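Spelled out from the first residue to the last, the chains are:
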Amino acid sequence: MSADTIATNKLMDKLFNGRRSVWLFGYGSLIFKADFPFVERRPASIMNWTRRFWQGSHDHRGTEKSPGRVVTLIPRAGAICEGMAYLVTPQVFGHLDHREKNGYLRFVTDMIFEDGSSAEGLVYIATKENAAYLGPASELDIARQIAASAGPSGRNRDYLTDLAGALRDLGKHDPHVFAIERHLMELEEH
Ligand code: SIN
């Protein structure tokens, strides 16, 4: 599969036929960089997925020659991924498909809000079949790669610290994200 997912994601537009709004679950940059209009947003979580810095970024936080690392979701039974849900109009997906084009596909998911209610919506996930997928590495090595990477959307380290800060603001603890952030801080001290 090519890393560019725009055409495949567009095929999902037919799911929106007749819908005035759609819930979108964000767990990475979509938490801290909402550069799209939304009707409302609410903290939410999805089940059986865990957040990992296992996706390469050649277009936003790295380059073709020196990719950065950004988050994707990995299936894990019983895991809970905390993030932010946005209610958006279907038109917004044109912009989102372009922003998430380096390997992310739209998947249908249930999301649970903090009041215990739930809704069906979409989430962008970069699966291991995509060409930009990097896969596991130690949290220290991930921090080293992040410290060394930058791309058109800015420094990779800012993606990490913005995500960690946004999770803290939500009152959520993500051991993987926070461990990589700690390694980054140590690397930057030396
Ligand atoms: C997301 O934030 O939901 C997708 C991954 C990213 O854009 O960082």
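Residues numbered from 1 in each chain as written. Predicted model: local features only at pLDDT ≥ 70, side-chain atom pairs only at ≥ 80, totals over all residues. Heavy atoms only, no water.

1. Here's the deal with the site of the ligand
Turning to step 1, where the next piece is worked out: Near the ligand the following residues occur: G26, Y27, G28, S29, L30, V71, E100, Y104 and Y159.
Turning to step 2, where the next piece is worked out: Residue Y27 places a main-chain N or O atom 3.0 Å away from an oxygen atom belonging to the ligand.
Turning to step 3, where the next piece is worked out: In this structure, E100 approaches the ligand through a side-chain N or O atom, which is 2.9 Å from an oxygen atom.
Turning to step 4, where the next piece is worked out: Within the complex, the protein chains bury 97% of what would otherwise be the 250 Å² of accessible surface of the ligand.
Turning to step 5, where the next piece is worked out: Cavity membership is defined here by more than half of the atoms lying within 2 Å of grid points; on that basis the ligand lies in the largest pocket.
Turning to step 6, where the next piece is worked out: For the shell around the ligand, the per-class residue count stands at five nonpolar, three polar and one charged. (Near = heavy atom within 4 Å. Polar contact = N/O pair within 3.5 Å; in protein donor to acceptor, adjacent residues only side chain to side chain. Areas by Shrake-Rupley, 256 points an atom, 1.4 Å probe, with all protein chains shown as cover. 1 Å grid on protein atoms, 1.4 Å probe; cavity = no way out; pocket = protein on both sides within 12 Å on 5 of 7 lines; lining within 4 Å. Sits in = over half its atoms within 2 Å of the grid points. Nonpolar A, V, L, I, M, F, W, Y, C, P; charged D, E, K, R; others polar.)

2. Topic: the nonpolar core
Turning to step 1, where the next piece is worked out: Ranked by internal contacts, the top residues of the largest apolar core, which has 50 residues, are F53 and F93.
Turning to step 2, where the next piece is worked out: Take this core: its biggest share by element is ten residues, from strand 3 (residues 68–88).
Turning to step 3, where the next piece is worked out: In this view, F53 contacts R69, V70, V71, I142, I146, Y159, L160, L163, H176, V177 and I180; residues no more than four positions away in its chain are not counted. (Core = buried A, V, L, I, M, F, W, Y, C linked by side-chain atoms within 4.5 Å. Buried < 20%, exposed > 50% of the residue type's maximum accessible area, 1.4 Å probe, protein only. Helix = DSSP H or I, 4+ residues; strand = E, 2+ residues; numbered from the N terminus. Contact = heavy atoms within 4.5 Å.)

So yeah, pure geometry; function would need other evidence.
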